[in-house]
Amino acid sequence: MYIYFLLPLIGFIGMFSGGYWSVGCGWLVVPTMLIFGFTPNEAVGVGLLQMVPSILMTTIKDIKSLEWNKHSVATKLVIPLGVGAFLLAFSGKYVNKIFYEKFGTTALLIIFCIFMIILGIIVLFGKTTDYETKIPMISNKQSIIAFFIGMIVGVFSSVMGVGGAVFFRPALANLFKVPETITAKSIRILLLITTFTGGMYYTFANGKTDWSIIIMSLVIAIGGMIGFPMGIKAHKIIVNNGYAKYINKSFAIVSFIILINTVLNIFGLITFSRYLMITIALFLFTSINLFKNYTIKHNLNKK
């Protein structure tokens, strides 16, 4: 029965970081579920679905706060990204089958690793906007690009069980140069779409309802519903104190965490990788809070 007390704590710690970067915490939840003896499908399903109740109330507020006119970022980018991701969110089963039959599991993981390295480099060294940057004008061409990016994200999220936000943040912040405050809100909306569709895919993957996924998702979400808003609050404090670019740059950490986990699994260090993810989650929780306190004492906007 202790699992019902420990999993909410995992949800709290993981979704605190999730709220800070507006991403999920499947990289933490999935290894934890595997440690407790759940199957890979159950673990991935829980890792995705638990995010829905954790972020739902916050996302509803974000939807109301964003502008939805024909020239807004929400209309020109969020909708195309979301629609593209939704259309291919259920393709993972078929892509997995085709790819595994031709190349094998390891090849897919290696491709994923390469992709995460590139993503991490883009986030770490790419140019982003700051808190006060003017909202960019988004062209129709950029909207089309966003739609195709969404489709790619839908496939990756479904195949690898990774929340789409890990791809959406670099697209909005680095490619389309959307300011951090709008980027964070937009990502949370897109995260809700990808995690819900992905979670439903695994919940009903065998043609029947997997109640273990639903129940464990709700248990973890008890902590996530507390941790996620706290992470968002830390994000706002840091942004308002003039450190928005540091949040964007530090997101590379998430890319490299997922990369490390995948590499360790390729080399068979599965048990080590699972416990390492828990250790990293605790480190991130502590580091973010320490950095938040640092920005309060060294507020750049007061200089």
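On a predicted model such as this, the values are computed, not experimentally measured, just so you know. Residue positions are given per chain, counting from 1 as you read along its sequence in written order. The model is predicted, so local features are restricted to residues of pLDDT at least 70 and side-chain atom pairs to those at 80 or more, both for listing and for counting; the totals for chains, interfaces and linings are taken over all residues. Derived side-chain values reflect all non-hydrogen atoms in the structure, with water molecules and hydrogen atoms excluded from consideration.

### Remarks on the side chain of Gln 50
So, step 1. Structurally, Gln 50 is set in the loop between helix H3 (40-49) and helix H4 (51-65).
So, step 2. Of the residues examined, Gln 50 reaches a relative accessible area of 0% and is grouped as buried.
So, step 3. Pairs of N or O atoms within 3.5 Å make up the polar contacts considered here, provided that, within protein, one atom can donate a hydrogen while the other can accept it, and that residues adjacent in sequence are counted only when both atoms are side-chain atoms. At 3.4 Å, the side chain of Gln 50 forms a polar contact with the backbone oxygen of Gly 47.
So, step 4. Dropping the residues within four chain positions of it, Gln 50 is found in contact with Met 15, Cys 25, Val 29, Ser 217, Ile 220 and Ala 221. Only DSSP runs of H or I with at least four residues qualify as helices, and only runs of E with at least two residues qualify as strands; both kinds are numbered from the N terminus onward. Each residue is placed in one exposure class: buried if its accessible area under a 1.4 Å probe, protein chains only, is under 20% of its type's maximum, exposed if it is over 50%, and partly exposed if it falls in between. Contact criterion: two residues are considered in contact whenever any of their non-hydrogen atoms come within 4.5 Å of each other.

### Some remarks on the packing of helix H1 (residues 3-21) against helix H11 (residues 211-240)
So, step 1. Orientation is described by axes fitted as lines to C-alpha atoms, over the contacting stretch for helices, and by angles from 0 to 180 degrees between their N-to-C directions. Two elements in contact, H1 and H11, have axes separated by 6 Å at closest approach and are oriented at 30 degrees. The angle between H1 and H11 falls in the class roughly parallel. The two elements H1 and H11 cross, and the hand of that crossing is right-handed. Under this scheme an angle from 65 to 115 degrees is roughly perpendicular, one under 35 degrees roughly parallel, and one over 145 degrees roughly antiparallel; angles in between are oblique. In this scheme the crossing of two helices becomes right-handed for a clockwise turn of the near helix relative to the far one and left-handed for an anticlockwise turn of less than a right angle.

### Digging into the environment of Ile 145
So, step 1. Take Ile 145: it is sitting in helix H8 (residues 140-160).
So, step 2. Judged by relative accessible area, Ile 145 falls into the partly exposed class, the value being 36%.
So, step 3. Sequence separation between Ile 145 and Leu 81 is 64 residues, and the spatial gap between their C-alpha atoms is 8.8 Å.
So, step 4. The contacts of Ile 145, once residues within four sequence positions are left out, are Leu 175 and Phe 176.

### Comments concerning the nonpolar core
So, step 1. As used in this record, nonpolar core signifies buried Ala, Val, Leu, Ile, Met, Phe, Trp, Tyr and Cys residues forming a set joined through side-chain atoms within 4.5 Å. One finds Trp 21, Trp 27 and Met 33 to be the most contacted residues of the largest nonpolar core, which totals 81 residues.
So, step 2. Residues within four places of Trp 27 in sequence aside, it is in contact with Ile 257, Ile 258, Met 277, Ile 280, Ala 281 and Leu 284.

### Some details on the packing of aromatic side chains
So, step 1. Only centres within 6.5 Å qualify two rings of Phe, Tyr or Trp (six-membered ring in Trp) as a pair; their planes then separate them into stacked at under 30 degrees, edge-to-face at over 60, and tilted for everything else. Going through the model one piece at a time under the given rule, you end up with nine aromatic pairs.
So, step 2. When the ring of Tyr 243 is compared with that of Phe 291, the centres are 5.6 Å apart and the planes differ by 85 degrees; the resulting orientation is edge-to-face. With a gap of 48 residues between them, Tyr 243 in the loop between H11 and helix H12 (244-250) and Phe 291 in helix H14 (residues 270-297) connect regions that are remote in the sequence.
So, step 3. Look at Phe 291 and you get partly exposed, because its relative accessible area is 23%.
So, step 4. An aromatic cluster of at least three residues, connected via ring pairs, comprises Tyr 243, Tyr 246, Phe 291 and Tyr 294.
So, step 5. For a ring to carry a charge above it, either NZ of a lysine or CZ of an arginine must fall within 6 Å of the ring centroid while also lying within 35 degrees of the normal to the ring plane. One cation-aromatic arrangement involves Arg 169 over Phe 251; the distance from NZ or CZ to the ring centre is 5.6 Å.

### Notes on the environment of Val 73
So, step 1. Structurally, Val 73 is set in helix H5 (residues 73-87).
So, step 2. Sequence separation of Val 73 and Ser 186 is 113 residues, and the distance between their C-alpha atoms is 8.5 Å.
So, step 3. Discounting chain neighbours no more than four positions away, the residues touching Val 73 are Val 78, Ile 135, Val 178, Ile 182 and Ser 186.

### Quick look at helix H9 (residues 165-175)
So, step 1. Where burial is concerned, most of H9 is hidden: 10 out of the 11 residues are buried.
So, step 2. When H9 is considered as a whole, its buried residues turn out to be Ala 165, Val 166, Phe 167, Phe 168, Arg 169, Pro 170, Ala 171, Leu 172, Ala 173 and Asn 174.
So, step 3. Directly after H9, the chain includes Lys 177, whose backbone phi takes a positive value near 55 degrees.

### Let's talk about the pattern of salt bridges
Working definition: two side chains of opposite charge can pair if their charged atoms are close together.
So, step 1. Salt-bridge detection follows one rule: a side-chain nitrogen of Lys or Arg within 4 Å of a carboxyl oxygen of Asp or Glu. For the coordinates displayed, the defined rule picks out two salt bridges.
So, step 2. Between Asp 62 and Arg 188 there is a salt bridge, with its nearest N and O atoms 2.6 Å apart. One end of the pair, Asp 62, is in helix H4; the other, Arg 188, is in helix H10 (residues 180-203), with 126 residues separating them in the sequence.
So, step 3. Of the charged contacts, one joins Arg 169 and Glu 180 as a salt bridge, the two residues approaching to 3.0 Å between their closest N and O atoms. Of the two residues, Arg 169 sits in helix H9 while Glu 180 sits in helix H10, which places them 11 residues apart along the sequence.

Everything listed here is a matter of geometry and, on its own, says nothing about what the molecule does.
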